[in-house]
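Coordinate analysis (summary)
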Amino acid sequence: MTDLQEPIVQRFSSTTLPTTHGDFEMTVYRGPNGEEHLAIYIGLPQAVNQGEDQRLPLVRIHSACFTSEVLGSLKCDCREQLNYALKAITAEGCGLVIYLFQEGRGIGLGAKVQAYALQERGLDTVDANTELGFEEDARTYEAAISILKDFGLNRLRLLTNNPDKIEALTATGDFEVQRESIEVGLNSINH
C-alpha cells in the first residue's frame, strides 16, 4: 500500500471554465516543485456522499498530450479520449477529469518526439520508449490520488483502458474502482 497521508499537491487556484462540452469548474493543483495539474469537474462535491443506489462519479485520469490535443497529431488518440471523457461527464452531470502534466507517458515532449521518429521506422510506442532507455510507461499517479482524496472521492468509475491506473488507485487500499473502457480515436496511422 502507498501511504499518502500528506497531500502531494495542493489547491492553488479555481474558476469556472465554459467549454464546448459544457460549463465546468476547474482547479489548478500545485506540487512542491511548482508542477501543476488540473481538476476539471461538474457536480462535485455533491456526489461525494452518494448513496449505494446512486451511480458512482465518472473519473478520467488523463495525461497531457501536446502533439494530439494542441497540434492534432494522428499518432495517438489522446485528444479523442479527453473529449470523450468531457462529453460523458457533461451528459451525466457529475464527474472529474484529472489532467496530469506528464507528456509522452511521462518521458517529456522532447523524448516523445524522439519516440515518434522511431515509430516512423516501425517501432510501436512501447518499443520506442524502451529503445530510448525509458520504461514502457513512466507515468506516476500520486498527484491524481492526492486530488481524488482532496475531493473525498473513494468510490468511482474510472474511464480507462490502462490497468496501471486502476492498480495505482486500488494499491493504496483507499479506493473502490469500477472500470469503464474508452474506445475512441482509432485511425490508420495510430492503428
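Report follows, based on the coordinates. All values derive from a computational prediction rather than experimental measurement.

Moving on, we come to the overall build of the protein chain. Counting its secondary structure elements, the protein chain contains 7 helices and 7 strands. In the protein chain, buried positions account for 46% of the 191 residues. For the protein chain, the computed accessible surface area is about 10,000 Å², with 49% contributed by carbon and sulfur atoms.

On to the side chain of H37, then. Mapped onto the secondary structure, H37 falls in strand 3 (residues 36-42). Here the side chain of H37 touches F101 through a polar contact of 3.1 Å, landing on its backbone nitrogen. Leave out the neighbours within four places in its chain, and H37 touches V9, T27, V28, Y29, Y99, L100, F101, A143 and I147.

Should the charged atoms of two oppositely charged side chains come close, the side chains can pair. Counting across every chain of the model gives 10 salt bridges. Salt-bridge contacts for E36 lead to R30; the nearest nitrogen and oxygen are separated by 2.4 Å. Residue class for E36 comes out partly exposed when judged on its relative accessible area of 31%. In this structure, K112 and E103 form a salt bridge, with 2.7 Å as the shortest nitrogen-oxygen distance. A residue is classified by how much of its surface remains accessible, and K112, at 8% relative accessible area, is buried. With a relative accessible area of 13%, E103 lands in the buried category. Put simply, E92, R157 and E180 are held in one network by salt bridges that share partners.

Moving on, we get to a nonpolar patch on the surface. Together, F66, V70, L71, L109 and V113 give the surface a local cluster of nonpolar side chains, amounting to about 450 Å² of exposed area. Examined against the element boundaries, V70 turns out to sit in the loop between helix 1 (66-69) and helix 2 (78-92). Accessibility expressed as a relative area gives 56% for V70, which makes it exposed.

Now for the sheet that holds strand 7 (residues 176-180). One open sheet accounts for 7 strands, arranged 1-2-3-5-4-6-7; its pairing is mixed. Both edges of this open sheet fall to strand 1 (10-19) and strand 7, since each of them pairs with a single strand only. Averaged over all adjacent pairs, the angle separating strand axes in this sheet is 25°, with direction ignored. The strands that helix 6 (residues 142-151) touches are strand 1, strand 2 (22-30), strand 3, strand 4 (58-63), strand 5 (95-100) and strand 6 (155-159); relative to strand 5, the one it contacts most, it runs at about 150°.

What counts and what doesn't
- Residues numbered from 1 in each chain as written.
- Predicted model: local features only at pLDDT ≥ 70, side-chain atom pairs only at ≥ 80, totals over all residues.
- Heavy atoms only, no water.
- Helix = DSSP H or I, 4+ residues; strand = E, 2+ residues; numbered from the N terminus.
- Buried < 20%, exposed > 50% of the residue type's maximum accessible area, 1.4 Å probe, protein only.
- Areas by Shrake-Rupley, 256 points an atom, 1.4 Å probe, with all protein chains shown as cover.
- Polar contact = N/O pair within 3.5 Å; in protein donor to acceptor, adjacent residues only side chain to side chain.
- Contact = heavy atoms within 4.5 Å.
- Salt bridge = Lys/Arg side-chain N within 4 Å of Asp/Glu carboxyl O.
- Patch = residues over 30% accessible without salt bridge, like charges linked within 9 Å, V, L, I, M, F, W, Y side chains within 5 Å.
- Pairing = 2+ DSSP bridges.
- Axes fitted to C-alpha atoms, helices over the stretch in contact; angles between N-to-C directions.

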